[in-house]
Amino acid sequence: MQPHSTEILTADCCIVGGGPAGLMLGYLFARAGLRIVVIEKHADFLHDFRGDTIHPSTLEIMHQLGLLESFLTLPHQRAEKLEAEIAGQSITMADFSRLPVQCRFIAFMPQWDFLNYMAGQSARYPAFSLLQSTAFESLIEENGTVSGVTASRGNQQLHIRCKLVVGADGRHSRVRDAAGLIGQEFGAARDVIWFRLSKQPQDPELGMGHKGPKQNFIVIDRGDYWQCGLTIPKGEFKAKQAAGLDAFKAEVAAVSPFESTRMTEIKSWEAFKLLSIKIDRLDKWAKPGVLCIGDAAHAMSPIGGVGVNLAIQDAVATANLLTAPLKSGELQLRDLEKVQKRRQFPTVATQFLQIKMSRNKARRKAAGSSKVPAIIRRLPFLRFVLGRLIGLGFRTETPQVARMKEER
């Protein structure tokens, strides 16, 4: 279908993807006085089972930006520690109580609430535009340098001319593909199937963590419902569907901490959402005029729920390093490469840890061993080490814009 009209927009930066990284970067750039366009293919942010663990590192950024107090008025649940059930006993795997930050807890908040909040804060700046229901089509290149994007919005085609395009469009990034950026994939042994169960008065106090007799079941307290996840060997979901809904519900009930009768709430396969776990990393995050951050540059496993928070740290580093060259009109490829240089170590270290934990867990299951929990029982300080790695990561970022006078 041919577009009915074409519109040309200009900006300092066009961010593709209105997720946590894209909206945080858009906010920071706009607060620094840059003209920003964020394009988002969906009409809203209401998408279930997205990453929605807001870690102490992200809460510290909100504090530094002066947003924490209003942010925490949004509905959320708090976890000061992460627990797992091993051989019928609860063990604390990570404890955040000694972190040197304002908030020593993980906030569990639906991602759409976080994104709506950041969009609202960004809208305070006249130079910020969020275009929803707007799909990325292609990159505009001139003399080997990306100088904008083409996008479609209904029957309208948009040409967004800019000094920088940022791909923040997730693990299936179209910007990454359009730029010809390639990377490495690392094996992931399992997938996660998410679903909801209502809260009932007789339910146990579960909080958040791995529960049940085989530690395959994930529970997150969402206030008025439980968000539940079952980890399965990668690629087995279709076989489970072929075996029938009743058989799968029985399998879930067998590893669930809830009464088996609770599975009567599940009426069809539509209640289950498959998350295909993927761990990958681009070799180069940038080429002239375009940069990828967050999952577009490095897809993470859900282990530790760190993906959203790494993406937000990427956004802060990007704003810190690129605001000045964007303002001066002197942005070069070497500036974009500084972002990868800054964020490469925490990305590689986190992925290494995730891959190691996943493989060790698979070996322990095969051997029937609970070696790691035993070590944590003998050396309880390790729960604080894991609390720091999960809560703050390997490198935290402080937004420079928080120390600058806001430009309107």
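Presented here is a report on the structure given in the accompanying data block. What you are looking at is a predicted structure, and each value in this text was computed from that prediction instead of being measured. (Residues numbered from 1 in each chain as written. Predicted model: local features only at pLDDT ≥ 70, side-chain atom pairs only at ≥ 80, totals over all residues. Heavy atoms only, no water.)

1. Observations concerning helix 8 (residues 307-328)
Just so we agree on the cut-off: Runs of H or I in DSSP of at least four residues are treated as helices and runs of E of at least two as strands, each being numbered from the N terminus. What a helix should span is 1.5 Å times the count of its residues minus one. Two axes enter the bend calculation: one fitted to the seven residues ending at the residue in question, the other to the seven starting there, and the bend is the angle between them. Throughout this description, buried means an accessible area under 20% of the type-specific maximum (1.4 Å probe, protein chains only), exposed means over 50%, and partly exposed covers the range between.
If you check helix 8, its first and last C-alpha atoms are 32 Å apart, about what 22 residues at 1.5 Å a residue would give, namely 32 Å. Along helix 8, the largest kink reaches about 45 degrees and is centred on Leu322; proline Pro325 follows within four residues of it. Within helix 8, 18 of the 22 residues are buried, which leaves it mostly tucked inside the rest of the structure. Count one or two residues on from helix 8 and you reach Gly329, which has phi positive near 75 degrees.

2. Describing unusual backbone geometry
Glycine aside, residues mostly have negative phi angles, and peptide bonds mostly take the trans form. The backbone of Ser133 sits at a positive phi, close to 55 degrees, despite the residue not being glycine. Summarising the element assignment, Ser133 is placed in the loop between strand 8 (128-132) and strand 9 (135-142). Backbone geometry at Asn143 places phi at a positive 55 degrees, although glycine is not the residue there. Assignment of secondary structure puts Asn143 in the loop between strand 9 and strand 10 (145-153).

3. Comments concerning the pairing of strand 1 (residues 5-16)
Defined as follows: Any two strands with at least two DSSP bridges between them are considered paired.
Bridging between strand 1 and strand 11 (residues 156-167) involves eleven bridges; their strand directions are parallel. Counted as the bridge partner of Glu7 is Leu158 from strand 11. Relative to strand 2 (residues 36-40), strand 1 runs parallel, the two being bridged by four bridges. Paired with Val16 across the bridge in strand 2 is Ile39.

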